[in-house]
Amino acid sequence: MNVRFSAVQSVEIAVPEQPIPIQHYLRQPQRLVHALIDPTQVELLGDDCFRFKMRPLHFMTLSLQPTVDLRIWSESDGTIHLRSIGCEIRGIEYINRRFHLNLMGQLSPVQQAAKTYLKGRADLQVEVDLPPPLSLTPRPLVETTGNGLLRSVLLTIKQRLVHQLLSDYCLWVAAQSEASPQTLGIGIDQSALLSPNGSAL
């Protein structure tokens, strides 16, 4: 049975006022990834490409652990783009050959009434050819279960975004202030290349 699952998640976050605009922080995809994803789950493949080993997903009688390759890049205005460029299901070759994942996301800083908000949206789609006996399960039940699973994945990402990103942004601003209090805001892009734990990337 060939089925397609999909889910969409939107987010809007009010950004606290800081001496350095969040646009400077958002121009560092590597720092964002390390702020949002457990470092044990992510591997750097290139300047803007990452391999993300997801936690096991339980779908009916299957336990799947996708490994997703992501490209994450930013524009000059701080807008972040995310695209999946590859996916592998290790350990279940039948599913791996018949599994396609597509993830697209965007997060942008927006000014409204003198306040800054982060507004974003993520779209996740999965297409898979299910093996027996799952292929004998009623399609509506399979689709409802699959769509619910994808929604839970995006909700988890949203929760980490809301809680982790702003916290790391404030830590980053504090670090910049300590490093250069008299010239705050000058040379930010050079001094910004720090990981969340403060070490150089």
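As shown above, the structure is provided for reference.
Residues numbered from 1 in each chain as written. Predicted model: local features only at pLDDT ≥ 70, side-chain atom pairs only at ≥ 80, totals over all residues. Heavy atoms only, no water.

**Looking at unusual backbone geometry**
Here is the rule we go by: Secondary structure elements are defined from DSSP: runs of H or I of at least 4 residues count as helices, runs of E of at least 2 residues count as strands, and each element is numbered from the N terminus.
Non-glycine residue alanine 113 carries a positive phi angle of around 50°. For alanine 113, the location among the structural elements is in the loop between β8 (99-112) and β9 (115-129). Even without being glycine, alanine 114 reaches a positive phi, approximately 65°. Relative to the assigned elements, alanine 114 resides in the loop between β8 and β9.

**Focus on the nonpolar core**
Under the convention used in this document: Among buried residues, those of type Ala, Val, Leu, Ile, Met, Phe, Trp, Tyr and Cys that are joined through side-chain atoms within 4.5 Å constitute a nonpolar core. Classification of residues uses two cut-offs on accessible area relative to the type maximum, computed with a 1.4 Å probe and protein chains only: under 20% is buried, over 50% is exposed, and between them is partly exposed. In what follows, residue pairs with any heavy atoms lying within 4.5 Å of each other are defined as contacts.
Counting 52 residues, the largest nonpolar core has Phe5, Ile22, Tyr25, Phe59, Leu118 and Leu165 as the members making the most contacts within it. Considering every element that reaches this core, the biggest residue donor is helix α4 (residues 139-179), with 11 residues. Among residues more than four places away in sequence, those in contact with phenylalanine 59 are Phe5, Leu130, Leu134, Val142, Thr145, Gly146 and Leu149.

**Here we look at the packing of aromatic side chains**
Quick note on the threshold: Here the aromatic set is Phe, Tyr and Trp, taking the six-membered ring for Trp, and pairing holds for ring centres within 6.5 Å; pairs whose planes are under 30 degrees apart are stacked, those over 60 apart are edge-to-face, and all others are tilted. Either the NZ atom of lysine or the CZ atom of arginine qualifies as a charge over a ring when it sits within 6 Å of the ring centre and within 35 degrees of the ring normal.
Tallied over the full model, the rule gives three aromatic pairs. For the pair phenylalanine 5 and phenylalanine 59, a centre-to-centre distance of 5.6 Å together with 55° between the ring planes defines the contact as tilted. Taken together, the positions of phenylalanine 5 in strand β1 (residues 2-14) and phenylalanine 59 in strand β4 (residues 57-59) put the pair 54 residues apart, joining distant regions of the chain. Aromatic rings pair up to connect Tyr25, Tyr169 and Trp172 into one cluster. A cation over a ring is seen here: arginine 71 above tryptophan 73, with NZ or CZ 4.0 Å from the ring centre. Directly above the ring of tyrosine 94 sits arginine 98, whose terminal nitrogen or CZ lies 3.8 Å from the centroid.

**Description of the layout of surface pockets**
Here is the rule: Computed over the protein atoms alone on a 1 Å grid, cavities are sets of points where a 1.4 Å probe fits but cannot get out and pockets are open sets with protein on both sides within 12 Å along at least five of seven lines; a residue lines them when it has an atom within 4 Å of a point. Grid points are joined across faces, edges and corners, and a volume is the space filled by probe spheres set on the points. Gly counts as polar in this scheme, as do all residues outside two lists: the nonpolar Ala, Val, Leu, Ile, Met, Phe, Trp, Tyr, Cys and Pro, and the charged Asp, Glu, Lys and Arg.
Estimates place the volume of the largest pocket at around 950 Å³. Secondary structure elements with two or more residues in the lining of the largest pocket: β1, α2 (29-36), β6 (66-74), β7 (80-89), β8, β9 and α4. Counting residues per element, the lining of the largest pocket draws most heavily on α4, which supplies 10 residues. Class assignment for the residues of the lining of the largest pocket results in 27 nonpolar, eight polar and five charged. Surrounding the second largest pocket, Val15, Pro16, Glu17, Gln18, Ile20, Pro21, Ile22, Gln23, Ala114, Lys115, Thr116 and Tyr169 form its lining. Elements with a minimum of two residues in the lining of the second largest pocket: α1 (22-26) and β9. Residues of the lining of the second largest pocket, tallied by class, amount to seven nonpolar, three polar and two charged.

**Considerations on the environment of valine 128**
Among the structural elements, valine 128 can be located in strand β9. The exposure class of valine 128 is buried, given its relative accessible area of 4%. Sequence-wise, valine 128 and arginine 4 are 124 residues apart; in three dimensions their C-alpha atoms are separated by 6.5 Å. Ignoring sequence-local partners within four residues, the contact set of valine 128 consists of Met1, Asn2, Val3, Phe5, Ile95, Arg98 and Phe99.

**Considerations on the pairing of β6**
Spelled out, the test is: At least two bridges found by DSSP between two strands are what make those strands a pair.
Two strands pair when backbone bridges link them, and strand β3 (residues 49-53) and β6 are joined in this way by five bridges, in the antiparallel orientation. Bridged to arginine 51 within β6 is aspartate 69. Pairing of β6 with β7 involves nine bridges; the strand directions are antiparallel. Opposite leucine 70, over in β7, you have serine 84 as the bridge partner. Linking β6 back to β7 in an antiparallel pair, the connection comprises five residues, with glycine 78 at a positive phi of about 95°.

**A look at the environment of serine 74**
You can see serine 74 is positioned in strand β6. Each C-alpha atom, one on serine 74 and one on glutamine 106, is 9.5 Å from the other, the two residues being 32 residues apart in sequence. Once you skip the residues sitting within four places of it in the chain, serine 74 turns out to touch Leu26, Arg27, Pro29, Thr79 and Ile80.

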